[in-house]
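# An overview of the molecular structure
Spelled out, the chains give:
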Amino acid sequence: MANYRSITLRESPEDITELAIPPDELIVTKKKLKKAGINYTLQTTNLQKSIDAEMAAVSANVFQFNRYNTYDKIKEYLNSLDGCGSIACSQTITIGETDEKRPIYMVKIWKNGMQLSNRSTILVDGGIHAREWISPAVVLNFINFLKTNTAAVNLVDEFQWFVIPVLNPDGYVYTHTTDRLWRKNRKQSQVNSNCFGTDLNRNFDYKWNPLQSASSDPCSYVYRGPTPFSEKESIALRDAMLQQGQTYTSYISFHSYGQYYLYPWLHSDQLTADWIDLDDCAKAATAAIYGYKRKRYEAGAGGSLLYQASGTSADYGKAIANIKYSYTIELRDKGRKGFVLSYRQIIPTWEENRDGIIALVDCLVQKNNLIK
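Residues numbered from 1 in each chain as written. Predicted model: local features only at pLDDT ≥ 70, side-chain atom pairs only at ≥ 80, totals over all residues. Heavy atoms only, no water.

### So, the pattern of salt bridges
For the structure on display, the rule yields 18 salt bridges. The shortest N-O distance in the salt bridge between E54 and R180 comes to 2.6 Å. Note that E54 is positioned in helix α2 (residues 47-56) and R180 in the loop between α6 (169-177) and α7 (232-242), a separation of 126 residues in sequence. The pair formed by E54 and R180 is uniform in burial state, with each residue classed as buried. Ionic contacts of the salt-bridge type, sharing partners, join the residues D274, D277, D280, K318, K324 and K367 into one network. (Salt bridge = Lys/Arg side-chain N within 4 Å of Asp/Glu carboxyl O. Helix = DSSP H or I, 4+ residues; strand = E, 2+ residues; numbered from the N terminus. Buried < 20%, exposed > 50% of the residue type's maximum accessible area, 1.4 Å probe, protein only.)

Here's what the structure looks like:
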């Protein structure tokens, strides 16, 4: 494939790789695959058409929960959140700044009538990978749910929440303006000035050195960075994980796609010593998701269920930040639309995962007697 202008979109379980092939090279690519004895399925005949339709539906003028929003609109929404409603209070803080000088925001949410304290907390993030638009969309709906919906009362009774909707603002903006399928951040490489970006979810300082689903090539879409925590975005998340006096019960990172509930380890096919606890709560969540409208998410250890990846935030959260219940959630779909998921699937994806998070929290409380 190195001889063609193909773009690797995703390396998946069971030795599946998804590629975008230019139309004028499709015939010769099919011949090469057949000659090599490699089975293939044509997922879509016009990826650009799907991208154009999605771009046309982006909400640029007003923030909407049922549309993909520009970063500027997300920024306006997050800056309007400070204060208390009948259910919860929230405060938007800046936890870092990107190379292109965009703020990285975290929203703190807690029960109205209580002060932020050292009580049990859940950390949530989205948008580590720029092209995974469904991730920030779901996280933004979750913030609104925690702040305004009476169904969220138990969640804010039991935990305070720290939520990072878009960890990779520069990359997210770039997917809107230039390359819809961009994955990394936008920092220029010091090794090769023609290459930009680091895969933030390969930049964490736990099992960083092994090249499992990661690369030392700065032009690769899974470039791990020159050193662990070389990127401002991964530093911001690390500092949020390790902030003094803060106790996290769970860390949840929303990604796409594939419909998985993954827990450590991601860097190997080995299981953690307490994997049964993580598995119990992951399966409680996936059962609730399935019970909503029969959408199936698989639960399991990431390194054996999906693929092995080194330097991830979930493994770092588990191993270094000592967050027992560390999860990576791969949202819709299973590959038909992939990263270019229609805005019409935002609310269904959010609603099924709302039920999943409620079930996950119930499981955490039952296992740990965490009600404060």
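### Comments concerning the UniProt feature "active site" (unreviewed entry) in the protein chain
The UniProt feature table records "active site" (unreviewed entry) at E330. Residue placement: E330 occurs in strand β11 (residues 325-331). On the basis of relative accessibility, which here comes to 6%, the residue E330 falls in the buried class. Other than its neighbours up to four places away in sequence, E330 contacts R10, H255, S256, Y257, G258, Q259, Y260, L262, Y297 and L306. Engagement of the side chain of E330 in a polar contact is seen with the backbone nitrogen of S256, the distance being 3.3 Å. (UniProt positions renumbered as here; feature names shortened; annotations may be inferred. Contact = heavy atoms within 4.5 Å. Polar contact = N/O pair within 3.5 Å; in protein donor to acceptor, adjacent residues only side chain to side chain.)

### Considering the packing of helix α4 (residues 134-148) against helix α11 (residues 346-368)
Two quantities define a packed helix pair, namely the angle between the axes and the distance from one axis to the other. Packing of α4 against α11 leaves a shortest axis separation of 9 Å and a crossing angle of 60 degrees. By the angle class used here, α4 and α11 are oblique. The handedness of the crossing between α4 and α11 comes out as right-handed. Side by side, α4 and α11 meet where I134, A137, V138, N141, F142 and F145 of the first sit next to I346, I347, T349, W350, R354, I357 and I358 of the second. Residues that form the contact of α4 with α11 fall into these classes: ten nonpolar, two polar and one charged. (Axes fitted to C-alpha atoms, helices over the stretch in contact; angles between N-to-C directions. Parallel < 35°, antiparallel > 145°, perpendicular 65-115°, else oblique. Left-handed = near helix turned anticlockwise from the far one by under 90°. Nonpolar A, V, L, I, M, F, W, Y, C, P; charged D, E, K, R; others polar.)

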